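Summary of structural features
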Amino acid sequence: MNRADLSRHLTALALLAPLLGFLLAFFVWPLVQVLGESVSDHVIGRTLPVTVQAIAPWDRQSPPTELMKGALVQDLRQLTDKQAQGDLVRRLNSAQAGFRTLMMKTTRALEQADGPIVLTEIDPRWGEVPYWRAIAEAAAPYTDRHLLAALDLTRDTSGDIAAMPADSSAHRAILGRTFWVAGLVTLACLAIGLPYAMLAASVSGWKRQALLAAVLLPLWTSLLVRTAAWYILLQEQGLVNDLLRALHLIDGPVQLIFNRLGVVIAMTHVLLPFMVLPIYSVLLSVPKNLMPAAASLGAGPIRAFLRVLLPLSLRGVASGGLLVFMAAIGYYITPALIGGAKDQMISSVIAFYATGSANWNMAAALGLVLLTATLALYAVYGWLSADRTAKG
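Residues numbered from 1 in each chain as written. Predicted model: local features only at pLDDT ≥ 70, side-chain atom pairs only at ≥ 80, totals over all residues. Heavy atoms only, no water.

1. Here we look at the overall build of the protein
When helices and strands are tallied, the protein shows 20 helices and two strands. Dimensions along the principal axes, computed over C-alpha positions, put the protein at roughly 100 × 80 × 35 Å. In the protein, which comprises 392 residues, the proportion classed as buried is 37%. Sequence-distant contacts in the protein: of pairs separated by 6 or more residues, those separated by 24 or more amount to 68%. On the protein, roughly 22,100 Å² of surface is accessible, and the fraction owed to carbon and sulfur atoms is 67%. (Helix = DSSP H or I, 4+ residues; strand = E, 2+ residues; numbered from the N terminus. Buried < 20%, exposed > 50% of the residue type's maximum accessible area, 1.4 Å probe, protein only. Contact = heavy atoms within 4.5 Å. Areas by Shrake-Rupley, 256 points an atom, 1.4 Å probe, with all protein chains shown as cover.)

Shown next as structure tokens:
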């Protein structure tokens, strides 16, 4: 490489450096952190370091040794951070029911005692294997328990993956609800967006500009404002119910808010541009004389649409559908404000784990599941959007 080429490459790299730095700092690094949190399990190693060393050679079948009990007493006496104590109790109680009361009882006894203490005298459960096995299994710095729990799975006593009890978790049901709502919104956007895109592509001049401006208007307004507007429109005394009563279509107010219907209506309004624009861009490339040619050959309007225009627009339909679906599965504000308790999507559960219970591991695991689904859909979108004609 000569000096001139090297100078051009360095100049291009310098121009790209701010963008690369931004991506690394605000996309790649947070993504790596999420991936790490979803498999990390450092609570036991950080709060019970002596116990971790003492329990390492234990076979997890025989009764706990006195060395293990003494190490646990030493660690608990040195653990004075209340937040770390809370993290320890939550982690162990999630692995073995009853650990919360056991740890609270033990820490109170240790605070009152000055000399040597015997754990089994505080509570006989300290002599039982399951409680020590829970500590041993939680001592590893990395685990797949959070990822498995995100899919309502766990590991049984033999280490095999098994389904959780039906009443212990509902992550899989909420994931199914998320994909179901996203699918309904995608179908609603398609039912409205395809005719709208056909109309916009068939006209020209100020009519086309007006139609495009109308569909782009939601993108120029805050998501929270749009959702709040639908909250006002859909309530029992809102404009929609008043209009239906004025037209004598209903006698009393219809429940349009805090249910699935309201969520679908509001999300369809917000995501409709992502369906219209890809279809519109594809329809612009379709020759205008194809439909008249089909009519001249005896095809009626419906048959010409089904045999000519629809197949040519499928690429835009697929791209728009994937865009709408990918955006819909991550929605949080609209279902939270418009939907009811049974309409919340997986993003609400992630927000609860992150802010409500401070369980960052589960929040990261569910986020990773959602990210994996989004990346898979994005790969399909990239394949459908690729110019396969140019590749050929």
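2. Section: the packing of helix α10 (residues 171-202) against helix α18 (residues 346-356)
For any two helices packed against each other, one specifies the crossing angle of their axes together with the interaxial distance. The N-to-C vectors of α10 and α18 enclose an angle of 135°; their axes lie 8 Å apart at closest approach. The angle between α10 and α18 places the two elements in the oblique class. Judged by residue contacts, His 171, Ile 174, Leu 175 and Thr 178 of α10 engage Ile 346, Val 349 and Tyr 353 from α18. In terms of residue class, the contact of α10 with α18 is built from five nonpolar, two polar and no charged. (Axes fitted to C-alpha atoms, helices over the stretch in contact; angles between N-to-C directions. Parallel < 35°, antiparallel > 145°, perpendicular 65-115°, else oblique. Nonpolar A, V, L, I, M, F, W, Y, C, P; charged D, E, K, R; others polar.)

3. Here we look at the layout of surface pockets
Its volume calculated, the largest pocket comes out at about 1,600 Å³. Lining of the largest pocket is provided by 48 residues; of these, Arg 91, Ser 94, Ala 95, Arg 145 and His 146 occupy positions nearest its centre. Looking at the lining of the largest pocket, the elements with two or more residues in it are α1 (3-39), α2 (43-47), α5 (82-95), α8 (129-138), α9 (145-150), β1 (153-155) and α19 (360-385). Looking at which element gives the most residues to the lining of the largest pocket, the answer is α5, with six residues. (1 Å grid on protein atoms, 1.4 Å probe; cavity = no way out; pocket = protein on both sides within 12 Å on 5 of 7 lines; lining within 4 Å. Points joined across faces, edges and corners; volume = space filled by probe spheres on them.)

4. Regarding the confidence of the model for the protein
For the protein, per-residue confidence averages 87 on the pLDDT scale, and residues scoring 70 or more make up 97% of the total. Here residues 388-392 is a poorly scored stretch, pLDDT under 50, and it has two contacts once near neighbours within four places are set aside; other chains count. (pLDDT = per-residue confidence, 0-100.)

5. Comments concerning the nonpolar core
Val 185, Cys 189, Met 267, Leu 271, Ile 279, Ile 346 and Leu 366 are the most contacted members of the largest nonpolar core, which totals 56 residues. Elements that contribute at least two residues to this core include exactly α9, α10, α11 (206-216), α12 (223-234), α14 (260-284), α16 (301-328), α18 and α19. Ranked by the residues each element gives to this core, the list is headed by α14, at twelve residues. Setting aside residues no more than four positions away along its own chain, Leu 366 makes contact with Ala 150, His 171, Ile 346, Val 349, Ile 350 and Tyr 353. Of all hydrophobic cores here, the second largest spans 30 residues; its members include Met 68, Val 73, Ala 134 and Ala 136. (Core = buried A, V, L, I, M, F, W, Y, C linked by side-chain atoms within 4.5 Å.)

6. Some details on the environment of Gly 70
One can find Gly 70 in helix α4 (residues 66-78). Classification of Gly 70 as partly exposed rests on a relative accessible area of 37%. With 206 residues separating them along the chain, Gly 70 and Val 276 place their C-alpha atoms 68 Å apart.

7. Side note on the pattern of salt bridges
The tally for this structure, following the rule as stated, stands at nine salt bridges. A salt bridge links Lys 69 to Glu 66; its shortest N-O distance comes to 3.7 Å. Here Lys 69 pairs with Glu 66, and both are found in helix α4, just three residues apart, close to one helical turn. Across the salt bridge formed by Asp 343 and Arg 260, the nearest N and O atoms sit 2.7 Å from each other. On the criterion of sequence distance, the pair formed by Asp 343 in the loop between α17 (333-338) and α18 and Arg 260 in helix α14 is long-range, its members being 83 residues apart. A relative accessible area of 5% means that Asp 343 is categorised as buried. (Salt bridge = Lys/Arg side-chain N within 4 Å of Asp/Glu carboxyl O.)

8. Structural notes on α12
For α12, with twelve residues, the first-to-last C-alpha span of 16 Å sits near the 16 Å given by 1.5 Å per residue. Residues Arg 226, Thr 227, Trp 230 and Leu 234 constitute the buried set of α12. Projected down its long axis, α12 shows its buried positions confined to an angular sector of 95°, all on one face. Tucked into the core, α12 has its buried residues touching α13 (239-246), α14 and α17. (Expected span 1.5 Å × (residues − 1). Arc of directions from axis to C-beta.)

9. A short note on unusual backbone geometry
A positive phi angle is found at His 248, which is not glycine, with a value near 60°. Along the chain, His 248 turns up in the loop between α13 and α14. With relative accessibility at 71%, the residue His 248 sits in the exposed group.

10. Topic: the packing of aromatic side chains
This model, assessed by the stated rule, comprises seven aromatic pairs. Between Phe 99 and Tyr 131 the ring centres are 5.3 Å apart and the planes differ by 75°, which places this aromatic pair in the edge-to-face class. Here Tyr 131 lies in helix α8 and Phe 99 lies in helix α6 (residues 99-112), a separation of 32 residues in the sequence. Grouping residues by exposure puts Phe 99 and Tyr 131 together as buried. Here Tyr 231 and Phe 258 contribute two aromatic rings whose centre-to-centre distance is 5.9 Å and whose plane-to-plane angle is 70°, an arrangement assigned as edge-to-face. With Tyr 231 in helix α12 and Phe 258 in the loop between α13 and α14, this residue pair connects regions lying 27 residues apart in the sequence. By relative accessible area, Tyr 231 is classed as partly exposed at 35%. The exposure class of Phe 258 is partly exposed, given its relative accessible area of 44%. Connected via pairs of aromatic rings, a cluster forms that spans Phe 99, Trp 126, Tyr 131 and Trp 132. (Phe/Tyr/Trp six-rings, centres within 6.5 Å; stacked < 30°, edge-to-face > 60°.)

11. Remarks on the packing of α5 against α6
Where α5 contacts α6, the axes come no closer than 8 Å and their chain directions differ by 140°. Here the hand of the crossing between α5 and α6 comes out right-handed. On α6, the residues that touch Lys 82, Leu 88, Val 89, Arg 90, Leu 92 and Asn 93 of α5 are Phe 99, Arg 100, Met 103 and Glu 111. Class assignment of the residues belonging to the contact of α5 with α6 gives a composition of five nonpolar, one polar and four charged. (Left-handed = near helix turned anticlockwise from the far one by under 90°.)

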